[in-house]
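# Commentary on secondary and tertiary structure
Residues per chain, in single letters:
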Amino acid sequence: MTFAVDEINRNSTLLPGVKLGYRILDICFHSRWALQVALSLVGGDALSCGQPVPLLIGPASSTITIILSRILGPLSVPLISYFASCPCLSDRLKFPNVFRTIPSDIYQARAMARLAIHFRWTWMGAVIINNDYGHLAIQAFQEETQGKGVCLEFIETVHRETIVSDARRVALTIQASTARVILIFCWYTDARTILLELAKRNVTDRQFLASEAWSTSGDILQDLAISKVASGVLGVAIRSATIPGFRNYLRHLHPTHRPDDEFLRKFWEKEFGCSPHAAPLSLYKASLAPCSGTESLEGVQNHFTDTSQLRVAYNVYLAVYAAAHALHSLLSCNRSTCSSPKHIKPIELLQHLNKVNVTTPQGEMFYFQGADIPAKYDLVNWQKTSEGSLRLVLIGRVDGYDLHLNESAIQWSTGSTQVPVSVCSESCPPGTRKANRKGEPLCCFDCIPCAEGEISNQTGSLHCERCPSEFWSNAKRTACIPRQLDFLSFNETLGITLSTVAVSGAAVTAAVLVVFLCYRQTPMVRANNSELSFLLLLSLKLCFLCSLVFIGRPSVWACRFQQAAFGISFVLCVSCLLVKTLVVLVVFRSARPGAEALMKWFGPGQQRGSVCLFTSIQVIICASWLSLSPPVPQRDLGFQGSKVTLECAMASVVGFSLVLGYIGLLACTCLFLAFLARKLPDNFNEAKLITFSMLIFCAVWVAFVPAYVSSPGKYVVAVEIFAILASSYGLLLCIFAPKCFIILLRPEKNTKKHLMAR
């Protein structure tokens, strides 16, 4: 303060013709002494000229500042505090005469919150002092981190009166906690006691965040007992600055030049072990000899001579300059309204303090925002030296809401360059979502994989997003990819199996046809209506081959042709069996009187005509259906999966029902007639074979309907192919297997005599 006043008094542009005076009194942090001193300074009895002091710089305590403001507020006496950081002092309605050159604690709490957010420390512990400093700071910290995913595992409160027992309790809590980053808002003496307790328990794996009250404490930094615990401390500190000329000013101080400076005298006696004045003034009357006068502070290295990082001292320096500029503004006003240096009113100085906006000698913009100055802090790191002690390293700064940080310069408590991890649960990777644990903080959660068709492409997603209908999630559930077209193809196992079975059926049918052609003159072939048998074998071959049309990528013509081929082939097949059954019934009735007329309607020509008639009806049904509302290729998005089924969609269910219904009508009629003819006398009654074949045929197609309706995707096509092949094999084996067995393996039974025998 004295340096700043001397510097201003030597300045020819600031307060020209006016010299500043001052008086410094120590209140020793007692509110009663502070009030007594303040009233004595303001009252005028302390000054020889009798002029009251219009402005007070100090005090350092927020509590005493509040008391003085309430007493001096009605007098409009300005107070500029360099260390009172209580957020309550920002209230201009309650404290209109208070200014300060240190930011409110709200801003350091916010800076620490931004550090936690920046380093992704979502699971922390907090230790606070049980007063407004601690409670308001942790409240501001929680407000700043609200909604940012930062949780406090615990908040431990310590009392200065019971700090020893409280420190033990806090140390046990920290030791048992899972949080790796601990926030401490305490006075440096309290923080030192807590760190000593942690050192006793060898708790060295915690990263501490320090408030400005202890982040630059030399007492803790120089204590080797807690160096292993306090290594890597990251703290918010009062911003530091250099004051040009101040170092030389301190080095040239001497008690002979300042005989009334009580502090300098005491310092001199302690540093040099001699008394700079006569013996009666010495603290140690009997033990201290007078100084020689050659003692100098030039070579002295200690806390008082170190000007490399001025913090609170710089705040005092700014306070003096703020007062000087306000006074300069007051005295430089319009001559009609300005004040005389000898008649300065405190309220006028108060008004001009509110308007201070200047550049300091260091080039810094300085102004008040209400009671406060813009928030500026240093970010410091406690780093180990080669001797094992700790040193303070500047690793960044806070300027308002901006965080400037040199991360590569940080030495963490772990000893590595990797940022410590302090989380209750690891962040959920892409492809998963958070699921909060019941009864636990929001920072404790489980990671649940996204369901099929849903994705999360960010770390820590709260929800999984559903993919659009044409897309599906990839295997990791991190991206939506186009769904693959899916249809029954010739390249897959199911398609190959069905194709093989169909071709085998066609080949077996062809082989039977060859056998019947080779043995067409034998009684077995001739006795069973050989012409219709050949036509039936041809239709069965078509039935086997038409199933191949259902396999492969659906197209417009494939969708139309497959249903028509299926419907016509099966009607042709069943028509042949129906006519065969009718012929059997008529033949056995021909022996009765008057049966000649009936036989005229079932000659070879009539049989062929009947088959053509029955088949032409199905042709008409298929033609009408395919011309009016044919099946068309369509992508089925209803079945959720990684694939889109390409299928032939039935635009008209009525058409398909008529095709199946007509086949069913012919099959049921054939089954009924064959059942009637099953017991007609004959060694080889074909009606029995037709009955069994129709039973199998009807059973297959009755089971087909529910299976067809309930099958998903391409398996609808597979079910229809299976029904076609099963019914075709049933007809082929039931009707022709017994005949081929006799023709090839029992030729002795392939005689007219054997067939006609009863």
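First, a word on what this report is: a plain description of the structure on this page. Numbers given for residues are sequential positions, taken from 1 along each chain in its written order. Only residues with pLDDT of 70 or above have their local features reported here, since the model is predicted, and side-chain atom pairs are shown and tallied only from 80 upward, although totals for entire chains, interfaces and linings are computed over all residues. As a rule here, side-chain values cover all heavy atoms of the structure and leave hydrogens and water aside.

### Comments concerning a nonpolar patch on the surface
- Exposure above 30% relative accessible area and no salt bridge define the residues that can form patches, which grow by joining like charges within 9 Å and nonpolar side chains of Val, Leu, Ile, Met, Phe, Trp and Tyr within 5 Å. Each accessible area value is a Shrake-Rupley result obtained with a 1.4 Å probe; residue values ignore everything except the protein chains displayed when judging cover. Each salt bridge in this description consists of a side-chain nitrogen of Lys or Arg and a carboxyl oxygen of Asp or Glu lying within 4 Å of one another. Taken together, the side chains of Y519, F741, L744 and L745 define a hydrophobic patch exposed on the protein surface, amounting to about 380 Å² of accessible area.
- Only DSSP runs of H or I covering at least 4 residues are called helices, and only runs of E covering at least 2 are called strands; the numbering of each starts at the N terminus. In this structure, Y519 sits in the loop between α14 (493–518) and α15 (523–526).
- To sort residues, take the accessible area from a 1.4 Å probe on protein chains only and compare it with the maximum for the residue type: under 20% means buried, over 50% means exposed, and anything in between is partly exposed. With relative accessibility at 32%, the residue Y519 sits in the partly exposed group.

### Here's the deal with unusual backbone geometry
- The linkage connecting G58 with the following residue, P59, adopts the cis geometry, with an omega of 0 degrees.
- When you line up the elements, P59 lands in the loop between β1 (56–57) and α3 (62–72).
- If you check the backbone angles, S76 has positive phi at about 60 degrees while not being a glycine.
- Positive phi, normally seen in glycine, also occurs at N202, with a value near 60 degrees.
- In this fold, N202 is placed in the loop between α7 (188–200) and β7 (207–210).

### Here we look at the packing of helix α16 (residues 530–546) against helix α19 (residues 604–628)
- α19 packs onto α16 with a crossing angle of 25 degrees between their chain directions and a minimal axis gap of 10 Å. Our classification of the angle between α16 and α19 gives roughly parallel. α16 and α19 meet at a crossing whose hand is right-handed. Contacts from E531, L532 and L535 of α16 reach α19 at P604, Q607, R608 and V611.
- Considering only residue class, the contact of α16 with α19 consists of four nonpolar, one polar and two charged. Orientation is described by lines fitted to C-alpha atoms, with helices fitted over the stretch in contact, and by angles between N-to-C directions that extend from 0 to 180 degrees. Here is the rule for angles: anything less than 35 degrees is roughly parallel, anything more than 145 is roughly antiparallel, 65 through 115 is roughly perpendicular, and the remaining ranges are oblique. Crossing chirality is assigned from the near helix's rotation relative to the far helix, an anticlockwise turn below a right angle marking it left-handed and a clockwise turn marking it right-handed. Between two residues, a contact is recorded if the distance between any of their heavy atoms is within 4.5 Å. Gly falls in the polar group here, along with every residue not listed as nonpolar (Ala, Val, Leu, Ile, Met, Phe, Trp, Tyr, Cys, Pro) or charged (Asp, Glu, Lys, Arg).

### Remarks on the sheet that holds strand β3 (residues 98–100)
- Pairing between strands requires that DSSP locate at least two bridges from one strand to the other. Read from one edge of the open sheet, three strands run β1-β2-β3, paired in parallel fashion. Here the strands that pair on one side only, and so sit at the sheet edges, are β1 and β3.
- Running at roughly 170 degrees to strand β2 (residues 79–81), α3 makes contact with β1, β2 and β3 of the sheet.

### Structural notes on the packing of aromatic side chains
- Two rings belonging to Phe, Tyr or Trp (six-membered ring only in the last case) form a pair when the distance between their centres is within 6.5 Å. Interplanar angles under 30 degrees mark stacking, angles over 60 mark edge-to-face geometry, and anything in between is tilted. As enumerated under the stated definition, the model contains 30 aromatic pairs in all.
- Pairing F3 with Y317 gives two aromatic rings, centres 6.3 Å apart and planes at 25 degrees, and the pair type is stacked. Taken together, the positions of F3 in helix α1 (residues 2–10) and Y317 in helix α12 (residues 312–331) put the pair 314 residues apart, joining distant regions of the chain.
- Judged by relative accessible area, which is 5%, F3 ranks as buried.
- Using a relative accessible area of 4% as the deciding quantity, one classes Y317 as buried.
- Aromatic ring contacts, followed pair by pair, group F566, F570, W625, F656, F697, W701, F704 and Y708 into a single cluster.
- Stacked on the ring of F99, the Lys or Arg R92 has its end atom at 4.8 Å from the ring centre.
- Between R560 and the ring centre of W557, over which it is positioned, the NZ or CZ distance is 5.3 Å. The criterion for a charge sitting over a ring is simple: Lys NZ or Arg CZ within 6 Å of the ring centre, and within 35 degrees of the ring normal.

### A word on the sheet that holds strand β23 (residues 632–636)
- Spatial strand order, β22-β24-β23: three strands in an open sheet with mixed pairing. The outermost strands of the open sheet, each flanked by one partner alone, are β22 (484–486) and β23. The sheet shows a mean angle of 35 degrees between the axes of neighbouring strands, direction not considered.
- Pairing analysis gives five bridges linking β23 to strand β24 (residues 643–649), with the strands arranged antiparallel. Paired with V632 across the bridge in β24 is A649.

### A short note on the packing of helix α20 (residues 653–676) against helix α21 (residues 686–710)
- The contact between α20 and α21 brings their axes to 9 Å, and the two run at 150 degrees. Regarding the angle of α20 to α21, the classification is roughly antiparallel. Of the two possible hands of crossing, α20 and α21 adopt the one that is left-handed. Only A687, I690, T691, M694, L695, F697, C698, W701, F704 and Y708 of α21 make contact with α20, whose side of the interface consists of F656, L660, I663, A667, C670, L671, A674 and F675.
- Residues that form the contact of α20 with α21 fall into these classes: 17 nonpolar, one polar and no charged.

### Remarks on α12
- Helix span is expected to be 1.5 Å times the residue number reduced by one. A rise of 1.5 Å per residue sets the reference length of α12, with its 20 residues, at 28 Å; its end C-alpha atoms lie 29 Å apart and thus fit the reference within 8%.
- Counted residue by residue, α12 has 16 buried out of 20 residues, so it is predominantly covered.

### Thoughts on the environment of C447
- Examined against the element boundaries, C447 turns out to sit in strand β17 (residues 445–449).
- Placed 22 residues apart in sequence, C447 and S425 show a C-alpha to C-alpha distance of 8.9 Å.
- Not counting the four nearest positions on each side in its chain, C447 is found in contact with E426, S427, C428, P429, T432 and R433.

### Some details on the pairing of strand β13 (residues 376–384)
- Of all nine residues in β13, seven are buried; the element is thus mostly enclosed.
- Of the pairings in the sheet, the one linking strand β8 (residues 234–238) to β13 comprises five bridges and is antiparallel in character. Within β13, the position partnered with L234 by the bridge is N381.
- Relative to strand β14 (residues 390–399), β13 runs antiparallel, the two being bridged by nine bridges. Directly across from Y377, in β14, lies its bridge partner V398.
- The antiparallel pairing of β13 with β14 creates a hairpin that spans five residues between the two strands, and G388 there sits at a positive phi of about 95 degrees.

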